[in-house]
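# Observations on the three-dimensional arrangement
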Amino acid sequence: MSGIDQSKIRNFCIVAHIDHGKSTLADRIIEKTGLLTSREMQSQVLDNMDLERERGITIKAQTVRIIYRAKDGEEYILNLIDTPGHVDFNYEVSRSLAACDGAILVVDAAQGIEAQTLANVYLALDHDLDVFPVINKIDLPSAQPQWVKDEIEDIIGIEAQDAPMISAKNGIGIEEVLEAVVTKVPAPSGSPDNPLQALIFDSLYDSYKGVIVFCRIKEGRVKKGTEILMMATGAKAEVVEVGYFGPGQFIPCEELSAGMVGYITASIKNVKDTAVGDTVTDAKNPCAEPLPGYKKVNSMVFCGMYPADGAKYPDLRDALEKLQLNDAALQYEPETSVALGFGFRCGFLGLLHLEIIQERLEREYNLDLVTTAPGVIYRVHKNNGDMVELTNPTNLPDPTEIDFMEEPIVSAEIMVTTEFIGSIMELCQERRGRYLGMEYIEETRALLKYELPLNEIIYDFFDALKSRSRGYASFDYDLKGYEESKLVKLDILINREEVDALSFIVHADSAYDRGRKMCEKLKDEIPRHLFEIPIQAAVGGKIIARETVKAMRKDVLAKCYGGDITRKKKLLEKQKEGKKRMRQIGNVEIPQKAFMSVLKLDDK
Amino acid sequence: MKKLGIYVHIPFCVRKCLYCDFLSFPAEEWEKEKYLRTLLKEIEGEALRYKDWAVDSVFIGGGTPTALTGEQLGRLLDGLKRGFLLEADAEITMEANPGTVDKEKLETCLRAGVNRISIGAQSLRDEELAALGRVHSAEEFFQAYQWAREAGFRNVNVDVMAALPGQKVETYLDGLERVMDLGPEHISAYSLIIEEGTPFYGWYGESGKRKNGMAQLPSEEEERLMYERTGELLEQRGYRRYEISNYAKSGYECRHNVGYWKRRDYAGFGLGASSMVGNVRWRNRRDKEGYVQCIEEGLGSVKEEIQPLSKKEQMEEFMFLGLRLTTGVGKKAFQETFGIPMEEVYGAVIGKLGGQGLLEDGERVSLTPYGRDISNYVMAEFLLPS
């Protein structure tokens, strides 16, 4: 594909608040440019995984190249890079944005600007992207496009009066959007004659081709046979194939040159060698320095994952291995639990990442999993001067050997409308937050700055934030560092037996409260047995809370009426079905979801 | 000749009770008449399929069958007699609710062939009856019972309920004593169940919100005590427990009901009625308009959820239904029915439950008193993996 006129390339992405129609617009654009017949067109083409379609969120960046003949009579190559939409993947988002030259900002004509709109716009502006708005859902009866335009100008300060008015759902105004891409997104800069400098914004593993690196060529050119060097990881490989992205397929081409978006394969076996954000250069003629912004992505959240059926352990190992090929942020290592048997301690970017991996293992690999409470990495400083990084609470050294412990702290920014400031501050206070300050973005909106312990936000902070602000708060965080903290291990005893998989680390001040809630929760989760079951919470061997699951005494006596046996059988089946999802610990059967119940302790 | 039980559903009542999730509703006189005509048409049509069968039990249930007039009930029984071969000693039960019967109606029914009356007393305290939303008083129950006897019924059942809002162990047992003093041949004693979709579920259900001033449900301990004492008291007075919640004087066990637990064939007629014939279960459609229209206009079958039972399902039913009976299930009968020893299928389960003191194991397998207390747990164990 040499001989492409760089001035006819447009690299862009779409940013929006969730549900404002980002993926639908992407679909329409692809449809409009005739890449897919309507038969091939499935709703939300770019969201590949079932999971993404179901949840209505984009998890993995997706990219597609579109040929568009503009009104000026010229043919343009449009590269649409769809970005993930969650703070867990913020880094991936920032790299995807760095691969673009412009961004379409989609705003719902009825809702106007919302929390994520701002967060995403600022992220795009940070990357020097030219952002232009489009007003979506103008077909809604409640649409107020003029008000939304004014709002965009007032709050974000970008020109909006001539923003395309569209309905992605009904395919209205898509042409205008494409024209705007052509006229408003700048053509890529860079020269094919400079040394190769390409930004990796994603990669995936293909069992035939090895790792497929998605990149934006900033400078220079790359083709089959080029020996490439990944500047941060130091990995080298010879290019086997380069190409670009058709919808749902890879299309090989001769060469990728400055300004283009495409892929490279080079028989690379491990995605870890092709870290997102790294710079690809020509090993023989390297560029002077790597592109800015590379960060090594570390797991922030850890949990144990166990097969519900112990015999499926090798299947779980194989599945994790395969998932890791595509997901450099996923870490795992084998561990054993007295209660749960053989499994893995897995590391994730955040709770959503954890949930996604869990769901993928369950759906795509058909595994039934038991997951323990997520935790963070604690630093345990021992009396003898050693420092241990603790990811599994069970491995906490004896308290007498511990000098002090540290926990990770994040700097958080929460954007919220003024009416909810009070309740959000209260939430942060409950989560041991340290108030740093507040800025008013405009009259009705403020940015709260807090430092929060990571372990206080990994569970249900998002949900709490949303419910206490009617969905209007947005949240972003960065790991700040470690701080000394008074931490203890909370153990749970069921029928006087310690269940290691239920232990977790907690701040000493909230141990009593958490222990009590945990016991209450487990009391509801554990079904009655033929005998009474005490549930206890303990810190350092001292019982701090107790609940009791009473023995099964008597069923209610239903009148089995009019010979409706089917109904009776359904009742028994339900009872039996419940038993299948149980873990036998000692002589107590514990439902698998009980192991996750530590998560949901927020009352509000 | 093969034996058949017949169930007939009358989906009408004066007013829906607050705990009731059965298929029943109040209706105008013309609606009842229209339903009865449709029902007779269904019976007439279906009867053709059962020419080779002799009917040894009929159960007319509801709703409140006595929401119909005596004349209408007479026509219903005539219709059954016209279509089916009713054995001379067939048990023919009709449910009757206090407040909807008089002596004349009961006499009409007796003349038409009904020989067993089941009266829904539920409680003998007016405040408990009011809390349930029943339409009658305790006094009206006594009156109805009196009339049934005067009309000439020699086989009478009384339904009583435990675990009612505001009920105390003493008030429950007092009511039970007074029922026994009347000397009915049969007593059904069961607990109130809070079913989804009823007003009670909104007040007493899992996340129910009881309104101010509403009576509380008895505690689990109280309920258990009511249940234990029920068994003791009834046995003392000559009522033998033959099924989890049914007691009878010797020879007065309800043949129709026992038929369900022994998996005998039965055909159900009327709105939403269940059937099992030749190891196939089905149920009539439950929407009144559809049911009536379908039969009146000959639009096809009203049967839904037709489910031929696999051998596995038959074995499961054999066990969990049979265990409701005090006599339990026979190993010989199992072997004869399925051509495989019970041990081979259920040996491990019976061993485990026996070890937990829930089952008696011998020629027959039956629930121990403890096993009866938690019968759902025991019965669920007899479901086989699919």
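Residues numbered from 1 in each chain as written. Chains lettered and ligands numbered in written order. Predicted model: local features only at pLDDT ≥ 70, side-chain atom pairs only at ≥ 80, totals over all residues.

In terms of helices and strands, chain B carries 15 helices and 15 strands. Expressed as a percentage of its 386 residues, the buried residues of chain B come to 48%. For chain B, the share of sequence-separated contacts (at least 6 apart) that also reach a separation of at least 24 residues comes to 70%. (Helix = DSSP H or I, 4+ residues; strand = E, 2+ residues; numbered from the N terminus. Buried ≥ 20, exposed ≤ 12 C-beta atoms within 10 Å, placed from the backbone. Contact = placed C-beta atoms within 7 Å.)

Looking now at the nonpolar core. Counting 112 residues, the largest nonpolar core has B:Ile6, B:Ile119 and B:Ala148 as its most contacted members. It is helix α5 (residues 138-151) of chain B that contributes the most residues to this core, 7 residues altogether. If you look at the next biggest cluster of nonpolar residues, it comprises 84 residues, including A:Ile135, A:Ile152, A:Val177 and A:Val242. (Core = buried A, V, L, I, M, F, W, Y, C linked by C-beta atoms within 7 Å.)

With that out of the way, let us pick up helix α1 (residues 29-47) of chain B. All names here are of chain B. Spanning 19 residues, α1 covers 27 Å between terminal C-alpha atoms, matching the ideal 27 Å at 1.5 Å per step. Taken together, the buried positions of α1 are Tyr35, Leu36, Thr38, Leu39, Leu40, Glu42, Ile43, Glu46 and Ala47. Where α1 is buried, its residues contact α2 (70-83), β9 (266-269) and α10 (288-296). (Expected span 1.5 Å × (residues − 1).)

Take unusual backbone geometry next. Residue B:Gly63 is reached from B:Gly62 by a cis peptide bond, and omega for that bond is 25°. Inspection of the secondary structure assignment puts B:Gly63 in the loop between β2 (53-62) and α2. In this structure, A:Arg496 takes a positive phi of about 70° despite not being glycine. Structurally, the position occupied by A:Arg496 is in the loop between β26 (487-494) and β27 (497-498). One non-glycine residue with positive phi stands out, namely B:Gln122, at about 70°. Inspection of the secondary structure assignment puts B:Gln122 in strand β4 (residues 116-122). For B:Gln122, a count of 26 C-beta atoms within 10 Å puts it in the buried group.

Okay, the environment of B:Val101 next. Residues and elements named next belong to chain B. With respect to the helices and strands, the residue Val101 is situated in the loop between β3 (85-96) and α3 (103-112). What makes Val101 buried here is the crowd of 26 C-beta atoms within 10 Å. Sequence separation between Val101 and Gln143 is 42 residues, and the spatial gap between their C-alpha atoms is 9.4 Å. When near neighbours in sequence (up to four residues on either side) are disregarded, Val101 contacts Thr66, Ala96, Leu106, Ala144 and Trp147.

Okay, the sheet that holds strand β14 (residues 261-265) of chain A next. Residues and elements named next belong to chain A. Strands sit in the order β10-β9-β15-β6-β7-β14-β11-β12 across an open sheet of 8 strands; the sheet is antiparallel. Whereas interior strands pair on both sides, the edge strands pair on one side only; in this sheet they are β10 (236-238) and β12 (249-253). On average, adjacent strands in this sheet sit at an angle of 40° to one another, irrespective of strand direction. Bridge count between strand β11 (residues 241-246) and β12: 5 bridges; the pairing is antiparallel. Paired with Val242 across the bridge in β12 is Cys253. (Pairing = 2+ DSSP bridges. Axes fitted to C-alpha atoms, helices over the stretch in contact; angles between N-to-C directions.)

Those residues of helix α6 (residues 174-184) of chain A lying buried are A:Ile174, A:Val177, A:Leu178, A:Ala180 and A:Val181. An end-on view of α6(A) places all buried positions within 155° of arc, on one side of the element. (Arc of directions from axis to C-beta.)

Moving on: the confidence of the model for chain B. Averaged over all residues, the pLDDT of chain B equals 93, while 100% of them reach at least 70. With a pTM of 0.63, the predicted complex shows an ipTM of 0.85. (pLDDT = per-residue confidence, 0-100.)

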